[in-house]
Amino acid sequence: MKIHRDTWVAFKTPIGIVRVFAENEKVTFINIAASDAKAGSVGNSQVLKTAEKELTQYFSGNLTKFTFPVDLSHGTEFQKSVWKQIAKIPFGKLKTYKDIADAIGKPKAARAVGGAVGSNPIPLVVGCHRVLGASGKITGYSGGDGLPTKRWLLQHEGLTAKE
């Protein structure tokens, strides 16, 4: 996926610097960076201002649903179907990879769902941290510091997972 880096904002959060990229007034990519990344911005975009405001509210515990527009068109049809299902998982709720596979009509594709979850371009908004293994066990996470970041996000939403 080509990430459009000409318009972006990066700001401090409890899980490190979050970088939000946009194109055509839609968020196209969110990167949860390591804690040593720097805050800043390039370009002027209303959607980035809204995204920063809403994400800051989310991290402070004052927002449970994002309203800014996102672009999930950069992926395979399978990935897009997985991301759309993940986007339906509300704040404070969990699903398993199998649940997602069943929901997209591919009940034997839980492992492939895991791959699509790992390539989610818009974490936090498309809450891939809310997806667990079949036994309710916490599995990998590609954002920030990995599993510690996923654990923080789950705890922030009042959720627990098996280790």
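The rules behind these values
- Every chain is numbered on its own, with residues counted from 1 as its sequence reads.
- Since the coordinates come from a predicted model, pLDDT governs what is reported: local features require at least 70, and pairs of side-chain atoms require 80 or more to be given and counted, while whole-chain, interface and lining totals use all residues.
- Hydrogens and water are ignored here; the side-chain numbers use all heavy atoms of the structure.
- Think of it this way: any DSSP run of H or I at least four residues long counts as a helix, any run of E at least two long counts as a strand, and we number them from the N terminus.
- Think of it in three bands: with a 1.4 Å probe and only protein chains considered, a residue is buried below 20% of the maximum accessible area for its type, exposed above 50%, and partly exposed in between.
- Here a residue-residue contact requires only that any non-hydrogen atoms of the pair lie within 4.5 Å.
- Exposure was quantified through the Shrake-Rupley algorithm and a 1.4 Å probe, taking into account, for residues, occlusion by the shown protein chains and nothing else.
- The convention is simple: Lys and Arg are positive, Asp and Glu are negative, and His and the chain ends are not counted.
- A charged residue contributes its charge at one atom only: NZ of Lys, CZ of Arg, CG of Asp or CD of Glu.
- In the sections that follow, a salt bridge refers to a side-chain nitrogen of Lys or Arg positioned within 4 Å of a carboxyl oxygen of Asp or Glu.
- Any two strands with at least two DSSP bridges between them are considered paired.
- Angular values range over 0 to 180 degrees, each being the angle between N-to-C directions of two axes fitted as lines to C-alpha atoms, with helices fitted over their stretch in contact.
- Put simply, buried Ala, Val, Leu, Ile, Met, Phe, Trp, Tyr and Cys residues joined by side-chain atoms within 4.5 Å make one nonpolar core.
- Between the rings of Phe, Tyr and Trp (Trp by its six-membered ring), a pair exists once the centres lie within 6.5 Å; its type follows the angle of the planes, with under 30 degrees stacked, over 60 edge-to-face, and the other angles tilted.

1. Re the overall build of the protein
Logical step 1: Of the regular secondary structure elements, the protein holds five helices and six strands.
Logical step 2: The C-alpha extent of the protein, read off along each of the three principal axes, is 45 × 30 × 25 Å.
Logical step 3: The proportion of buried residues among the 163 residues of the protein is 44%.
Logical step 4: In the protein, 57% of the contacts between residues at least 6 apart in sequence involve partners at least 24 apart.
Logical step 5: Only carbon and sulfur atoms are counted for the fraction: they give 51% of the accessible area of the protein, which is about 8300 Å².
Logical step 6: For the protein, the centre of its 23 positive side-chain charges and the centre of its 13 negative side-chain charges are spaced 6 Å apart.

2. Some points on the pattern of salt bridges
Logical step 1: Tallied over the entire structure, the rule returns three salt bridges.
Logical step 2: For arginine 130, the salt bridge goes to glutamate 157, with nearest N and O atoms at 2.8 Å. Of this pair, arginine 130 sits in the loop between helix H4 (110-118) and strand S6 (131-132) while glutamate 157 sits in the segment after helix H5 (147-156), placing them 27 residues apart in sequence. Like glutamate 157, arginine 130 is buried.

3. Observations concerning the sheet that holds strand S1 (residues 8-13)
Logical step 1: Taken in spatial order, the four strands line up as S3-S2-S1-S4 in an open sheet, and their pairing is antiparallel. The open sheet has two edge strands with one neighbour each: strand S3 (26-32) and strand S4 (40-42). Averaged over all pairs of adjacent strands, the angle between strand axes in this sheet comes to 20 degrees, irrespective of strand direction.
Logical step 2: By the bridge criterion, six bridges tie strand S2 (residues 16-23) to S3 in an arrangement that is antiparallel. If you follow arginine 19 over to S3, its bridge partner there is asparagine 31.

4. Things to note about the nonpolar core
Logical step 1: Ranked by size, the top nonpolar core spans 37 residues in total, and within it Val20, Ile30 and Leu124 carry the most contacts.
Logical step 2: Going through the elements one at a time, S1, S2, S3, helix H1 (46-59), helix H2 (77-87), helix H3 (97-103) and H4 are the ones with two or more residues in this core.
Logical step 3: Here this core gets six residues from one element, more than from any other, and that element is H1.
Logical step 4: When neighbours within four sequence positions are excluded, leucine 124 is seen to be in contact with Ile15, Val18, Ile30, Ile32, Leu55, Phe59, Phe66, His129, Arg130 and Leu153.

5. Looking at the packing of aromatic side chains
Logical step 1: Inspection of every chain in the model, using the stated rule, returns seven aromatic pairs.
Logical step 2: Both rings, one in tryptophan 8 and one in phenylalanine 21, keep their centres 6.5 Å apart while their planes meet at 45 degrees; by these two values the pair is tilted. Placement of tryptophan 8 in strand S1 and of phenylalanine 21 in strand S2 is noted, with a sequence separation of 13 residues between them.
Logical step 3: The exposure class assigned to phenylalanine 21 is buried, which follows from its relative accessible area of 3%.
Logical step 4: Residues tyrosine 58 and phenylalanine 91 carry aromatic rings whose centres are separated by 6.1 Å and whose planes lie at 85 degrees to one another, so their mutual orientation is edge-to-face. With tyrosine 58 in helix H1 and phenylalanine 91 in the loop between H2 and strand S5 (95-96), this residue pair connects regions lying 33 residues apart in the sequence.
Logical step 5: Among the aromatic residues, those joined into a cluster by ring pairs are Tyr58, Phe59, Phe66, Phe68, Phe91 and Trp152.

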